[in-house]
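Observations on the three-dimensional arrangement
Residue-level listing of the chains:
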Amino acid sequence: MLSGLIGIKLGMTQVTEATGRVRAATVIQLGPCAVTQLKTAASDGYDAVQVGFGRRRVSRVSSALRGHYAKAEVAPGLKLGEFERRGEAELKLGQSIAAADVFKPGDLVDVAGTSKG
């Protein structure tokens, strides 16, 4: 389906392993993300899926982005991201994608973030 999703950090916690070792863990809310654009090799030169995360008031979005979101028939989001398309799953504009659709339990993931500092 996709190679990733957009999320937001909720906080930190700790996880105790079976050996008794305590490890720090970051809690992240992934999705749901809405498909805002499907990029194809014919039109854009590569295959990718653009997704939007969160909700933002319409008055806080530029008119160009309003048209972009309106074309996909989704509410304006906080963040747009583009991910590589994997597999042959059928995706449609406006479709909602959850974490369970992309990741399985036990998958290793890479996380990238932006600090406030």
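Presented here is a report on the structure given in the accompanying data block. Model, not experiment: these values are computed from the prediction.

With that settled, the discussion passes to the side chain of K39. Checked against the element boundaries, K39 lands in strand β3 (residues 33-39). Setting aside residues up to four positions removed in sequence, K39 forms contacts with D44, Y46, D47, A48 and E82.

Quick look at a nonpolar patch on the surface now. A contiguous nonpolar patch, built from I28, L30, V109 and V111 and spanning about 320 Å² of accessible area, is present on the exposed surface. Here V111 is to be found in the segment after α3 (99-102).

The residue Q50 is located in strand β4 (residues 48-53) in this model. Take Q50: its relative accessible area is 12%, and that puts it in the buried class. In terms of polar contacts, Q50 uses its side chain to reach the side chain of H68, at 2.5 Å. Other than its neighbours up to four places away in sequence, Q50 contacts A34, V35, T36, Q37, H68, L80, G81 and E82.

All right, on to the sheet that holds strand β5 (residues 79-84) then. Taken in spatial order, the four strands line up as β5-β4-β3-β6 in an open sheet, and their pairing is antiparallel. On the outer flanks of this sheet lie β5 and β6 (96-97), each paired with one strand and no other. Sheet analysis places β3 next to β4, joined by six bridges and oriented antiparallel. Bridging from a neighbouring strand, C33 pairs with F53 of β4.

So, on to the pairing of β3. Most of β3 is tucked away, with five of its seven residues classed as buried. As judged from the two bridges shared by β3 and β6, these two strands associate in the antiparallel manner. When the bridges of β6 are listed, C33 appears paired with I97.

Counting 12 residues, the largest nonpolar core consists of L2, L5, I6, C33, V35, V49, V51, F53, F83, L91, I97 and V102. Contributing elements (two or more residues each) for this core: β3 and β4. For this core, the leading source of residues is β4, giving three residues. Apart from the residues lying within four places of it in its own chain, the contact partners of I97 are M1, L2, L5, P32, C33, V35, L91 and V102. One finds V61, Y69, A72 and V74 within the second-largest nonpolar core, a separate group that totals five residues.

Below, the discussion takes up the layout of surface pockets. In this structure, the largest pocket spans a volume of roughly 1200 Å³. Elements that contribute at least two residues to the lining of the largest pocket include exactly β1 (7-16), β2 (22-30) and β5. Of all the elements, β5 adds the most residues to the lining of the largest pocket, at four residues. The class makeup of the residues in the lining of the largest pocket is 16 nonpolar, nine polar and seven charged. Here the second largest pocket defines a volume of roughly 240 Å³.

Cut-offs and rules
Residues numbered from 1 in each chain as written. Predicted model: local features only at pLDDT ≥ 70, side-chain atom pairs only at ≥ 80, totals over all residues. Heavy atoms only, no water. Helix = DSSP H or I, 4+ residues; strand = E, 2+ residues; numbered from the N terminus. Contact = heavy atoms within 4.5 Å. Patch = residues over 30% accessible without salt bridge, like charges linked within 9 Å, V, L, I, M, F, W, Y side chains within 5 Å. Areas by Shrake-Rupley, 256 points an atom, 1.4 Å probe, with all protein chains shown as cover. Salt bridge = Lys/Arg side-chain N within 4 Å of Asp/Glu carboxyl O. Buried < 20%, exposed > 50% of the residue type's maximum accessible area, 1.4 Å probe, protein only. Polar contact = N/O pair within 3.5 Å; in protein donor to acceptor, adjacent residues only side chain to side chain. Pairing = 2+ DSSP bridges. Core = buried A, V, L, I, M, F, W, Y, C linked by side-chain atoms within 4.5 Å. 1 Å grid on protein atoms, 1.4 Å probe; cavity = no way out; pocket = protein on both sides within 12 Å on 5 of 7 lines; lining within 4 Å. Points joined across faces, edges and corners; volume = space filled by probe spheres on them. Nonpolar A, V, L, I, M, F, W, Y, C, P; charged D, E, K, R; others polar.

Interpretation in functional terms is not warranted from these geometric data alone.
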